[in-house]
Amino acid sequence: MKGKYRVVVQNASVKFDFTIRRNITILKGDSATGKTTLVEMVREHYERGDDSGVEIVCDKQCVSLSGRDWKILLNAYKDSIVFIDEGNDFVLGDDFARMVEHSDNYYVIVTREGLPNLPYSTEEIYGIRMSGKYGGLKPVYNEFYRIYGSYELDGLIIPDIVVVEDTNSGYEFYQGISDKSYTQVISAGGKTKIQQIVKSLPDDNVLIIADGAAFGAEIGRVMSILKHRKHTWIYLPESFEWIILKSGRIDGKAVEDILNHPEDYIESSQYFSWEQFFTHLLIQQTVDTYLHYRKAKLNQVYLSESFERDILAVMEHIHLTK
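Computed from a predicted model, the values in this text were never measured in an experiment.

Conventions used here
Residues numbered from 1 in each chain as written. Predicted model: local features only at pLDDT ≥ 70, side-chain atom pairs only at ≥ 80, totals over all residues. Heavy atoms only, no water. Core = buried A, V, L, I, M, F, W, Y, C linked by side-chain atoms within 4.5 Å. Buried < 20%, exposed > 50% of the residue type's maximum accessible area, 1.4 Å probe, protein only. Contact = heavy atoms within 4.5 Å. Helix = DSSP H or I, 4+ residues; strand = E, 2+ residues; numbered from the N terminus. Disulfide = S-S within 2.5 Å. Salt bridge = Lys/Arg side-chain N within 4 Å of Asp/Glu carboxyl O. Expected span 1.5 Å × (residues − 1).

1. Digging into the nonpolar core
By size, the foremost hydrophobic cluster in this structure holds 41 residues, and its most contacted members are Phe173, Tyr174, Tyr235, Tyr302, Met315 and Leu320. With residues near it in sequence (within four places) discarded, Tyr302 still touches Phe173, Ile244, Leu282, Thr286, Leu291, His292, Tyr293, Phe307, Glu308 and Ile311. One finds Tyr120, Ile125, Val163 and Leu236 within the second-largest nonpolar core, a separate group that totals 40 residues.

2. A closer look at the environment of Lys180
With respect to the helices and strands, the residue Lys180 is situated in the loop between α4 (169-178) and β12 (184-187). A residue is classified by how much of its surface remains accessible, and Lys180, at 44% relative accessible area, is partly exposed. The sequence separation of Lys180 and Lys78 amounts to 102 residues, and the corresponding C-alpha distance is 52 Å.

3. Section: unusual backbone geometry
Positive phi is not limited to glycine here, since Asp288 has a value of about 65°. With respect to the helices, strands and loops of the structure, Asp288 is situated in the loop between α9 (274-286) and α10 (305-314). Exposure remark for Asp288: the relative accessible area of 79% places this residue in the exposed category. In this structure, His317 takes a positive phi of about 70° despite not being glycine. On the accessibility criterion, His317 (41% relative accessible area) is partly exposed.

4. Some thoughts on the side chain of Glu263
Among the structural elements, Glu263 can be located in the loop between α8 (253-260) and α9. With sequence-adjacent residues up to four places away left out, Glu263 is seen in contact with Lys2, Gly3, Lys4, Arg21 and Trp274.

5. Some words on the state of the cysteines
Throughout the structure, instances matching the rule amount to 0 disulfides. Free cysteine: Cys58, not disulfide-bonded; nearest cysteine sulfur from Cys62 at 4.2 Å. Overall, the relative accessible area of 6% leaves Cys62 in the buried class.

6. Description of the pattern of salt bridges
Opposite charge on two side chains allows them to pair when their charged atoms are near. The final tally for this structure, using the stated rule, is 19 salt bridges. Of the charged contacts in the structure, one is a salt bridge between Asp95 and Lys71, with a shortest N-O distance of 2.9 Å. Here Asp95 is found in helix α3 (residues 94-101), whereas its partner Lys71 is found in helix α2 (residues 70-76), with 24 residues between them in sequence.

7. Observations regarding α9
With 13 residues, α9 should reach 18 Å at 1.5 Å per residue; the first-to-last C-alpha distance of 18 Å fits that figure. Taken as a whole, α9 has its buried residues at Trp274, Glu275, Phe277, Phe278, Thr279, Leu281, Leu282 and Thr286. Considering only its buried residues, α9 is in contact with α7 (240-246) and α8. Positive backbone phi, approximately 65°, marks Asp288, located one or two places after α9.

Limitation: the analysis is restricted to geometry and does not speak to function.
Rendered as structure tokens:
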């Protein structure tokens, strides 16, 4: 499945109206905010149809998933939006993650905890905003894809230390930048280790850079650190490959169209996360050219002065060269 879908779920008492655009959407929040009500209404409509008193308006079938027979049920669901209420522990397991990875469904999962087995975006974590009998979704971390700190951003961020998620091409790029400045670049060796790395750092100007497209499970823990560090920020683009594509150095109207409406191009059964898609797209667009890209090893052309300037220009409010 690909594309974005408006979902309207309503009965005589309440109406939910929202839009989803990725394979995994997370609903968070305290009790009595409407999350379970939404999932129950989807279940009632699927089981009883019009007799349930629930109306669903959506271009895709909406279903609910629960219980010990979840594997059998999930195998039967195709090209659907699958709602899962909290308390279904199977969402924490590797079996569920493997089934989601190759599924042509979209998933709306209610959970108060992070789901480290699933690569979901920080942009697709929502709470439910109720206004009388009407409910919609409100982003919980809607600013994280840009920059987020413990206080309002004023001017440029000039970090003393940059913590990046991994040791691949993105790290090599930022390390190459640091060779021309006074900035120290540290690889966390994986997104799950960022929290511990940052805890050990002095309260200097620290910038965390990670792939927002798959950082959803970690953002709550990292946010808890930012609340207590006055000079630490986090920058969450979709991925390092997305930054390169966004820089405009990869020519073509097709790339521009994809960046403007990625949900229309990213097939859920092929790409577990948007980060995977943007990596594939960049490799595909640069194959057999001097710009050829590999995730494991950075092509040094990306460290040339002109490329460096254009790539860094995408990172608004961040200054890494001195």
